Amino acid sequence: MQYLSRRSLNIAPYTAGEQPKERTYIKLNTNENPYPPSPRVQEVLRAFDAGTLRLYPRPDADGLREAIARAEGVKPQNVFCGNGSDEVLALSFPAFFDEGGLPACFANLTYSFYEVFASFFGVNTHIVPLLEDFSFDLSAMLAADCKGYYLCNPNAPTGIALPRETVEAFVSKAREKGRIVIADEAYMDFFGESAVPLTKSYDNLLVVKTFSKSYSLAGIRCGYAVGDTGLISALFRMKDCFNSYPVDAVCQAVCAAAVEDKDYREKTCTLVKTERERVRSELLSLGFTVPKSGANFLFAGRVILSGEELYSALKREGVLVRFWNKPILKDFLRITVGTPSENDALLEKLKEILR
Ligand code: PMP
């Protein structure tokens, strides 16, 4: 079509997991939390004065940043909020990488949005394959000639998590080389070794988190970054080139209440973690290869049926999981940990299908 730019004609956008409308599924495909958000969220929504929506929200989400800073043990000026961590990650590309300049380095199997953002912003990439056991090849990453790294920890879709001391050693070596590390910790609360405390000693580390997973707030769209004020102010400059108010007023109030309810988050994360271990051991006994997961999902495969056959058979049975028709990934499924009864249904169906 003659009215479109070359960019909009040529870009290959990210494909989000299905959100089907045609029937009700046991939905284990987009790593949503099976439990509701903190009861304080409901209270905030009930008490919210719609009249205040007449006004624009705080452009820099100051109140929310203060609440996040208290919860994370940092200062508000070390926090940046965006419309989902996807937006924070998107803004990090132009903030830290030059168009056509030294590449952003990340793994071949990791969050696939990095590739899309890099392509959108004209940032070169240096892709490093995972090792045989699906772990990051950190030495190959350090040996790459690049400007910085996207380190998804726990990684998606494998679920494999790096301990904090491994991340620290990596960030320290990256700093010696003058490189930034963007640690995507979307799933970190299900593992519990966040690199946020390291941001006080390492000015080359930006940690990105989300309200979508451990806070059960995927529907509100909020994510944040923690790091040195130099990095954070670059994100603010990028935000103000796109949208002055990416975090709406309802979202700011809801997320501030959620982040203050640490006990509730920990309680639901524990439920998910307990189920994750139970489902993993069941999958292992069915013959699946399942790396140990630090996330709220399991990466399971290499059985007699392909990922696609399993995905389709499960979908017919009303259970939705995530499948990618790509090298290596095509032998696997990514299965979100649900409630005990959802997980029972998944395991039941899988047993029938494999029989
Ligand atoms: N990082 C990773 C690794 C993810 O899987 C997701 C969810 N798709 C995100 C970031 C983005 O999450 P959100 O935009 O909902 O904060």
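Residues numbered from 1 in each chain as written. Predicted model: local features only at pLDDT ≥ 70, side-chain atom pairs only at ≥ 80, totals over all residues. Heavy atoms only, no water.

**Things to note about the site of the ligand**
To keep it simple, the criterion reads: Note on definitions. A residue lies near a molecule or strand when any single heavy atom of the residue is within 4 Å of it. Between N or O atoms, a polar contact is any pair within 3.5 Å; within protein, one atom must be a potential hydrogen donor and the other a potential acceptor, and residues adjacent in sequence are included only when both atoms are from side chains. What counts as a helix is a DSSP run of H or I of at least four residues, what counts as a strand is a run of E of at least two, and both are numbered from the N terminus.
The full set close to the ligand counts 13 residues, and S85, Y187, T210, S212 and R221 are the nearest of them. Between S85 and the ligand, the recorded distance is 2.7 Å, taken from a backbone N or O atom to an oxygen atom. The side chain of S212 places a nitrogen or oxygen atom 2.6 Å from an oxygen atom of the ligand. Of all the elements, helix α4 (residues 85–96) adds the most residues to the shell around the ligand, at three residues.

**What to know about the sheet that holds strand β3 (residues 104–107)**
Strands belonging to one sheet form pairs held by backbone hydrogen bonds; the direction of such a pair is parallel or antiparallel. To keep it simple, the criterion reads: Strand pairing is defined by DSSP finding a minimum of two bridges between the two strands. Interaxial angles span 0 to 180 degrees and are taken between N-to-C directions of axes, which are lines fitted to C-alpha atoms, for helices over the stretch in contact. Pairs of residues are marked as contacts when any of their non-hydrogen atoms sit within 4.5 Å.
If you walk across this open sheet you meet the seven strands as β2-β8-β7-β6-β5-β3-β4, and the pairing is mixed. The sheet is open, and its two edges are formed by β2 (79–82) and β4 (125–128), each paired on a single side. Within the sheet, the average angular offset between the axes of one strand and its neighbour, ignoring direction, is 20°. In this sheet, strand β7 (residues 205–210) lies alongside strand β6 (residues 180–184) in parallel orientation, the contact comprising four bridges. In the sheet register, V181 faces β7, and the bridge partner there is L205. Its contacts with the sheet put helix α5 (residues 113–120) on β3, β4, β5 (148–152) and β6, and the angle it makes with β4 is roughly 160°.

**With respect to the pairing of β3**
Here β3 pairs with β4 via four bridges, running parallel. Following the sheet pairing, A107 is matched in β4 by V128. Two elements, β3 and β5, share two bridges in a ladder whose sense is parallel. What sits directly across from A104, in β5, is G148.

**Digging into unusual backbone geometry**
The following threshold applies: We call a residue buried when its accessible area falls under 20% of the maximum for its residue type, exposed when it is over 50%, and partly exposed in between, using a 1.4 Å probe and counting protein chains only.
That bond from N153 to P154 is cis: its omega, -5°, falls within 30 degrees of zero. Relative to the helices and strands, P154 is located in the loop between β5 and α7 (164–176). Following A156, the chain continues into P157 via a peptide bond in cis, with omega recorded as 5°. Among the secondary structure elements, P157 is positioned in the loop between β5 and α7. One non-glycine residue, F134, lies in the positive phi region at around 70°. Turning to its location among the elements, F134 is positioned in the loop between β4 and α6 (138–143). Positive phi values are uncommon outside glycine, yet R302 reaches one of about 60°. Structurally, the position occupied by R302 is in the loop between β9 (297–301) and α11 (307–316). Assessed through its relative accessible area of 46%, R302 is described here as partly exposed.

**With respect to the domain arrangement of the protein**
Spelled out, the test is: Boundary definitions for the domains trace back to an automatic or database domain assignment. Two parts placed together each lose some accessible area under a 1.4 Å probe, and the buried area is that loss summed for both. Think of a salt bridge as a Lys or Arg side-chain nitrogen and an Asp or Glu carboxyl oxygen that are within 4 Å of each other. In this classification, the charged set is Asp, Glu, Lys and Arg, the nonpolar set is Ala, Val, Leu, Ile, Met, Phe, Trp, Tyr, Cys and Pro, and all remaining amino acids, among them Gly, are polar.
Domain assignment breaks the protein into domain 1 (6–36 + 263–354) and domain 2 (39–261). Summarising the inter-unit geometry, the C-alpha centres of domain 1 and domain 2 are found 24 Å apart. Every contact between the two is made by 34 residues of domain 1 and, on the other side, 29 residues of domain 2. Taking both partners together, domain 1 and domain 2 bury about 2600 Å²; carbon and sulfur atoms supply 63% of that area. Ranking the residues of domain 1 by area buried against domain 2 places Y14, R265 and G294 at the top, with a combined share of 24%. Inspection of the region where domain 1 meets domain 2 yields one salt bridge. Between domain 1 and domain 2 we count 13 residue pairs in polar contact (both at pLDDT 80 or more) in total. Among the secondary structure elements, those contributing two or more residues to the side of domain 1 that touches domain 2 are α10 (262–285), β9 and β11 (332–336). Classifying every residue of the side of domain 1 that touches domain 2 gives 17 nonpolar, seven polar and 10 charged.

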